[in-house]
Amino acid sequence: MKTQMRAYAAAVLIIAIPGAFAQNKALSMLNSLVGGQLPTAPAAPLPTNGAAAGGDLLQLLSQSQGQIDEAKEIEIGRQLAAVLLGSKPLHPDMALQRYVNRLGRWISLQSSRPQLPWSFAVLDDPGFNAFAAPGGYIFVTKGLVDRMDEAELAGILAHEITHVVDRHHLNALRVKARAGLVTQLLAAQLKNNMGGAVSAQMLALGRNLYSSGLDQGDEFDADRNGVALATRAGFDPYGLASVLQQLRTAAPEDPLFSLSLSTHPPAQQRLDQLAGAMGSRLDAYSGKPAVSVAHRLGGRR
Ligand SMILES: [Zn+2]
């Protein structure tokens, strides 16, 4: 896989959050991770201070999709990524971070938007979850990675990449912004002032988005197109189905799985939809020997 990796000009994650020590630490880790072994590109000509762009956010999201260009999409994603990093730190295992970043980047190169500044990282959280933000920011929890083999992890990453490629979160934010949700959320937010450079609007919208989840239709699309993407990247097409089998048997009241289960359609329903879409067409690509994440990391150390 290493030899297959094309050189990829990586934009470094820059999310300035003055005064937020944990977030700055997380971000400097991400920077060293992305800048260490992967080639880096000049930072995109975007404001690095979330507050600068935050004031226009509401107006931006109220615009039609055609008016939100890729640079703005990436800026919105940076702010959402900061919201996610503000709630959970990055895991300190840098070898694991590099592995997940390389795996994710390889898969994203097979997508229809390979030019985005894709960044993949592991959050230090025992729960089972994955998050995406517009522009190519993708996070998986350590608890998820620990339960996955490589094909399963590739299935999850491809699902999240599909959300980004098809702008699912961006569209969900636009719907929320148009519905006037921001005003309501801000009223609650004022009582709980976080400070920092992430705009209050983005904090409010981001928290709402990641606790309520996307439309079921978007989830089914991400499953179906994600399987096609993972297969194109050379992974077993049944990786995601295997993850869904595990989710199906997870107890909804288990706190490690509750958020993941409450923000997605029931796993059995996702499996049924996937089975209908895949049929046996992808069987020829299946049957590869499973590779554990530990094995990959062992080979690297
Ligand atoms: Zn999803």
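Residues numbered from 1 in each chain as written. Predicted model: local features only at pLDDT ≥ 70, side-chain atom pairs only at ≥ 80, totals over all residues. Heavy atoms only, no water.

### Concerning the overall build of the protein chain
Helix and strand content of the protein chain: 15 helices and five strands. Buried positions account for 54% of the 301 residues belonging to the protein chain. For the protein chain, long-range pairs separated by at least 24 residues make up 73% of all intrachain contacts whose partners lie at least 6 apart in sequence. Entry remark: accessible area of the protein chain is about 12800 Å², with carbon and sulfur atoms responsible for 54%. (Helix = DSSP H or I, 4+ residues; strand = E, 2+ residues; numbered from the N terminus. Buried < 20%, exposed > 50% of the residue type's maximum accessible area, 1.4 Å probe, protein only. Contact = heavy atoms within 4.5 Å. Areas by Shrake-Rupley, 256 points an atom, 1.4 Å probe, with all protein chains shown as cover.)

### Structural notes on the confidence of the model for the protein chain
Confidence along the protein chain averages 78 in pLDDT terms, with 72% of residues attaining 70 or more. For residues 34–55, every residue scores under 50 in pLDDT, and the model assigns this stretch 44 contacts once sequence neighbours within four places are set aside. In the model, residues 190–196 has pLDDT below 50 throughout and makes five contacts with residues more than four positions away in sequence or in other chains. (pLDDT = per-residue confidence, 0-100.)

### A word on the environment of Arg 78
Its place among the elements puts Arg 78 in helix 4 (residues 70–87). Using a relative accessible area of 4% as the deciding quantity, one classes Arg 78 as buried.

### Things to note about the nonpolar core
Residues Ile 107, Phe 139, Val 140 and Leu 153 are the most contacted members of the largest nonpolar core, which totals 74 residues. Among all residues touching Val 140, those that are not within four sequence positions of it are Val 100, Ala 121, Val 122, Leu 123, Asn 129, Ala 130, Val 145, Ile 156 and Leu 157. (Core = buried A, V, L, I, M, F, W, Y, C linked by side-chain atoms within 4.5 Å.)

### Here's the deal with the pairing of strand 3 (residues 119–123)
Strand 3 sits mainly inside the fold: five of its five residues count as buried. Here strand 3 shows a buried face lined by Ser 119, Ala 121 and Leu 123 and a second buried face lined by Phe 120 and Val 122. Note that strand 3 and strand 5 (residues 137–141) share five bridges and pair parallel. Its bridge partner lying in strand 5, Ser 119 is registered against Tyr 137. (Pairing = 2+ DSSP bridges.)

### Here we look at helix 14 (residues 267–278)
In this model helix 14 runs 16 Å from its N-terminal to its C-terminal C-alpha over 12 residues, within 8% of the 16 Å that 1.5 Å per residue would give. When helix 14 is considered as a whole, its buried residues turn out to be Ala 267, Arg 270, Leu 271, Leu 274 and Met 278. Along helix 14, the residues classed as buried sweep out an arc of 100 degrees about the axis, all on the same side. Positioned one or two residues after helix 14, Gly 279 has a phi angle of 55 degrees, which is positive. (Expected span 1.5 Å × (residues − 1). Arc of directions from axis to C-beta.)

### Digging into the sheet that holds strand 5
Hydrogen bonds between backbone atoms are what pair the strands of a sheet, whose relative direction is either parallel or antiparallel. Spatially, 3-5-4 is the arrangement adopted by the three strands of the open sheet, whose pairing is mixed. If you trace the sheet from one side to the other, it starts and ends with strand 3 and strand 4 (130–133), each paired once. Going from strand to strand, the sheet's axes swing by 20 degrees on average, the running direction of each strand aside. Sheet topology note: the strand 4/strand 5 ladder contains four bridges and is antiparallel. Counterpart to Phe 131 in the pairing with strand 5 is Phe 139. (Axes fitted to C-alpha atoms, helices over the stretch in contact; angles between N-to-C directions.)

### Comments concerning the coordination of the zinc ion
Around the zinc ion, the protein supplies His 159 (NE2), His 163 (NE2) and Glu 219 (OE) as donor atoms, at distances of 2.0 to 2.1 Å. All donor residues of the zinc ion come from one chain, and their arrangement in sequence is H-x3-H-x55-E. A residue pair is termed long-range when its members are at least 10 positions apart, and His 163 in helix 7 (residues 150–165) and Glu 219 in helix 11 (residues 216–232) qualify at 56 residues. The same class applies to His 163 as to Glu 219, namely buried. (Donors = N, O, S within 2.8 Å, 3.2 Å for Na, K, Ca; no water.)

### Considerations on the pattern of salt bridges
All told, the structure shown has eight salt bridges when counted by the stated rule. Here Arg 113 makes a salt bridge to Glu 70, at a shortest N to O gap of 3.2 Å. Here Glu 70 lies in helix 4 and Arg 113 lies in the loop between helix 5 (94–109) and strand 3, a separation of 43 residues in the sequence. Take Arg 113: its relative accessible area is 5%, and that puts it in the buried class. Connected through salt bridges with shared partners, the residues Glu 70, Glu 73, Arg 113 and Arg 167 form a single ionic network. (Salt bridge = Lys/Arg side-chain N within 4 Å of Asp/Glu carboxyl O.)

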